[in-house]
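Now for the letters of each chain:
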Amino acid sequence: MMPARPGLFAIVLWAAASTSAAAPPASVLQAPHAADRPWDKGGALVVTWQNTMPVDFTVHVRRLGGAEPVALGPFPISSEQFIDSGLTSGIAYVYELAVHDPDGNQVSVVRTSPAQPRPNLFDLSRADEAILIALLFAVFLWGTFRGSPREIRPIAGVTAMEEAMGRAVEMGKPVLFSIGWGAQLDKPATLAALNLFGYIARKAASYGARLLFPAHDAVIMAAAQESASAGARLEGRPELYREEDIYYVTGSQFGYAAALDGILCREKPAATFWIGTFAAESLILSETGNQVGAVQIAGTDSTIQLAFFLVTCDYTLIGEEMFAASAYLTRDPKAQGALWSQDVLKVVVATVLVVGLVAALLNWHAVGNFLRGF
Amino acid sequence: MRLRLPLFLVTGFGVALLLQYFIPLPAGQAFYSRALEWMQVIFAAGLLLGGANFARLHLKRAATRKDERPYSLLALAALATMLVAGAVSIGRDSTFLWLFDNLQAPMQQTVFSLLAFFVATAAYRGFRLRSVESGLLLSVALIVMIGRIPVGELISPVLPQAASWLVDVPAVAAKRGILIGVGLGSVAVSLRVILGVERAWLGGSQ
């Protein structure tokens, strides 16, 4: 039995030596790993490791996989992860992690396996926006399809529209509508202005007033032609629709202003509607309109141009009034319901503003940070 | 059908592009890029439509309105000249650019410069002392105008500070109030259009 004992001892020693050779030494970073960051739009990887070394060691990371290696800077070894963003989705990246001791000497180097950033089904970083939009949708849908008629405070500029057109008919002069050089069909303000134009076109057809619409954009011109044609048809007077009165002028800002000034001086309209998105041409147009003696009604979402309209026009729809005007004019229960939803949300926004103000004054950082997140 | 097809397209594209914002899959991104490309295509087609409408309108006016004939002919000649110049060459030393720099740009600047005179007449009308409100407006305008020029500092160092405060605090507060209303109004109109509640812009009845 004795001879066998040294042999068994040798096997145990060998096994122990093999085991210690398989496990990495303490100075080598444990479990280096790179993986796609979940719930994002792609382009980011999360690199992780396990730390078994003193906390004053650092990890120097290099990204391999692009045209040339990129040094991503030293990280505290205790952080155990970092996120590499701004990458190209679908390309494999490898990370080299070098451990340095407090004196800056490199102790060991390991590499991760290749990993690819991928876009996911939902971008979690936009969850707050999704919740906010879902709430907005819910309130608007509820208000719109509940659709009960509501009392809306009279908007002076809107009630004056019909008077302005009546004046034009009495004077035998045309009505001019401009949507502004800044209007584009993908802007909500343009759609709101076209809604009002649809109403004015119908009224013009019912009164028999001539309606001019010089456009700076051919797509808007086509939409306005369609709207005016339908307005005349709905009033049972399709013969009053004149396609040549809704025409393209130019896409140039001051060319448009010059053309409209010329039209104002030649045609001398009895009423002008400046409703839409305006830029520097607003004052040139409305001041000329004032000089030819037209009744002027303006409405815009451009805060800078509002001041010019206020001093040159008889009535001005300020910001949201322009969006509310069509609901007011048509008395459509659904549109009025949507307007009611808008007011509910305004109360919510005002409440949030007051809460934010109080939180800032009382140093309630948690509330402030929560609100800032949105 | 004339109204339903555009409404169907607006609702479909509106909802799809909204969802795409939250779903970052390659198919969604490709759909978004394609939609932007189509916007460019529609814009280009719109230019053609505009050019054709412009030519047709002025040809008709030249033929039917004697008093406006010279202007319409000039407009048509300008359109033809720029089209030919652009078709021949567009570059640094091209005739097209020369025409743009030496004719169109000065004309635009001329119209823009009219703004200075219009501001003066509009300011005169706006600042007339007629009521308490207009008096307040006049006082604030005077403080801001004098506070913004060097002589304001000489009159009193308080004037520039007061001008800055008026511009940075009450004016910004009012502007933000309007912008919040505009933002909510934009969402409301967009939803009304996407849901097909608002149809006047398409020529439909409300």
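Owing to the predicted nature of the structure, the values given are computational and were not obtained by experimental measurement.

Colleague: I'd like a rundown of the overall build of chain B, residues and numbers included.
Modeller: Assigned secondary structure in chain B consists of eight helices and zero strands. What you see in chain B, going N to C, is helices and strands ordered as α-α-α-α-α-α-α-α. Scaling as 2.2 N^0.38, a compact globule of 206 residues should have a C-alpha radius of gyration of about 17 Å, whereas chain B reaches 26 Å, well beyond that. Across chain B, the fraction of contacts at a sequence separation of at least 24, relative to all contacts at a separation of at least 6, is 20%. Split by element, the accessible area of chain B, about 13,500 Å² in all, is 73% carbon and sulfur. Of the side-chain charges in chain B, 18 are positive and 9 negative, and the distance between the mean point of each set is 12 Å.

Colleague: Any chance you could break down the environment of Asp332(A) for me, citing the residues and the numbers?
Modeller: Inspection of the secondary structure assignment puts Asp332(A) in the loop between helix 9 (320-330) and helix 10 (333-361). The spacing of Asp332(A) and Arg150(A) is 182 residues in sequence and 9.8 Å in space, taken between C-alpha atoms.

Colleague: Describe the interface of chain A and chain B, listing the residues and the values that go with them.
Modeller: With 76 residues of chain A at the contact, the number on the chain B side is 60 residues. Of the roughly 5,700 Å² buried at the junction of chain A and chain B (both faces included), carbon and sulfur atoms supply 70%. In this assembly, chain A and chain B are joined by two salt bridges. A salt bridge links Arg56(B) to Glu243(A); the nearest nitrogen and oxygen atoms lie 2.6 Å apart. Applying the counting rule to chain A against chain B returns nine residue pairs in polar contact (both at pLDDT 80 or more). Examining the composition of the side of chain A that touches chain B, we find that 10 residues originate from one element, helix 5 (residues 218-234) of chain A, more than from any other.

Colleague: Give me the lowdown on unusual backbone geometry, citing residues and values where you can.
Modeller: All names here are of chain A. The backbone phi angle of glutamate 80 is positive, close to 65 degrees, even though this residue is not glycine. Within the element layout of this structure, glutamate 80 appears in the loop between strand 4 (70-76) and strand 5 (81-85). The backbone of asparagine 363 shows a phi angle near 60 degrees, a positive value even though the residue is not glycine. When you line up the elements, asparagine 363 lands in the loop between helix 10 and helix 11 (365-373). By relative accessible area, which is 53% here, asparagine 363 ends up exposed.

Colleague: Could you give an account of the packing of aromatic side chains, with specific residues and numbers?
Modeller: All told, the structure shown has 12 aromatic pairs over all chains when counted by the stated rule. Here the aromatic residues Phe177(A), Phe197(A), Phe213(A) and Phe273(A) are joined through ring pairs into a cluster of three or more. Between the NZ or CZ atom of Arg126(A) and the centre of the ring of Tyr21(B), over which it lies, the distance is 3.9 Å. Between Arg61(B) and the ring centre of Tyr247(A), over which it is positioned, the NZ or CZ distance is 5.2 Å.

Colleague: I'd love a proper account of helix 4 (residues 95-126) of chain B, names of residues and values included.
Modeller: Taking 1.5 Å per residue, 32 residues should reach 46 Å; helix 4 of chain B reaches 45 Å between its end C-alpha atoms and fits that length. At Asp101(B), helix 4 of chain B shows its strongest bend, of approximately 30 degrees. Against the buried residues of helix 4 of chain B lie helix 6 (253-267), helix 7 (281-291) and helix 8 (303-312) of chain A together with helix 3 (69-88) and helix 5 (132-147) of chain B.

Colleague: Describe the pairing of strand 11 (residues 271-276) of chain A, naming the residues involved and giving the relevant values.
Modeller: All names here are of chain A. For strand 11, a buried count of six out of six residues is recorded, marking the element as mostly surrounded by other parts of the structure. Two strands pair when backbone bridges link them, and strand 8 (residues 175-178) and strand 11 are joined in this way by four bridges, in the parallel orientation. Along strand 11, the bridge assignment pairs leucine 176 with threonine 272. As for the winding sense of the linkage, the β-α-β connection from strand 11 through helix 7 to strand 12 (residues 295-300) is right-handed.

Colleague: Can you lay out the pattern of salt bridges for me, pointing to particular residues and giving the numbers?
Modeller: Residues and elements named next belong to chain A. What the rule picks out here adds up to 19 salt bridges over all chains. We note a salt bridge from glutamate 96 to arginine 111, for which the minimum N-O separation is 3.4 Å. Of this pair, glutamate 96 sits in strand 6 (residues 94-100) while arginine 111 is found in strand 7 (residues 106-111), placing the two residues 15 residues apart along the sequence. What makes glutamate 96 buried here is its relative accessible area of 14%. Of the residues examined, arginine 111 reaches a relative accessible area of 52% and is grouped as exposed. The partner of arginine 210 in a salt bridge is glutamate 267, and the shortest N-O contact between them spans 3.3 Å. Of this pair, arginine 210 sits in the loop between helix 4 (188-207) and strand 9 (211-215) while glutamate 267 sits in helix 6, and the two are 57 residues apart along the sequence. On the accessibility criterion, arginine 210 (26% relative accessible area) is partly exposed. A single network of salt bridges, built from pairs that share partners, joins Arg210, Arg242, Glu244, Asp245 and Glu267.

Conventions adopted
Residues numbered from 1 in each chain as written. Chains lettered and ligands numbered in written order. Predicted model: local features only at pLDDT ≥ 70, side-chain atom pairs only at ≥ 80, totals over all residues. Heavy atoms only, no water. Helix = DSSP H or I, 4+ residues; strand = E, 2+ residues; numbered from the N terminus. Rg over C-alpha atoms; globule rule 2.2 N^0.38 Å. Contact = heavy atoms within 4.5 Å. Areas by Shrake-Rupley, 256 points an atom, 1.4 Å probe, with all protein chains shown as cover. Lys, Arg positive; Asp, Glu negative; His and termini not counted. Charge placed at Lys NZ, Arg CZ, Asp CG, Glu CD. Buried area = accessible area lost by both parts, 1.4 Å probe. Salt bridge = Lys/Arg side-chain N within 4 Å of Asp/Glu carboxyl O. Polar contact = N/O pair within 3.5 Å; in protein donor to acceptor, adjacent residues only side chain to side chain. Buried < 20%, exposed > 50% of the residue type's maximum accessible area, 1.4 Å probe, protein only. Phe/Tyr/Trp six-rings, centres within 6.5 Å; stacked < 30°, edge-to-face > 60°. Lys NZ or Arg CZ within 6 Å of the ring centre and 35° of its normal. Expected span 1.5 Å × (residues − 1). Bend = angle between axes of the 7 residues up to and from the residue. Pairing = 2+ DSSP bridges. Right-handed = clockwise from strand over helix to strand, strands pointing away.

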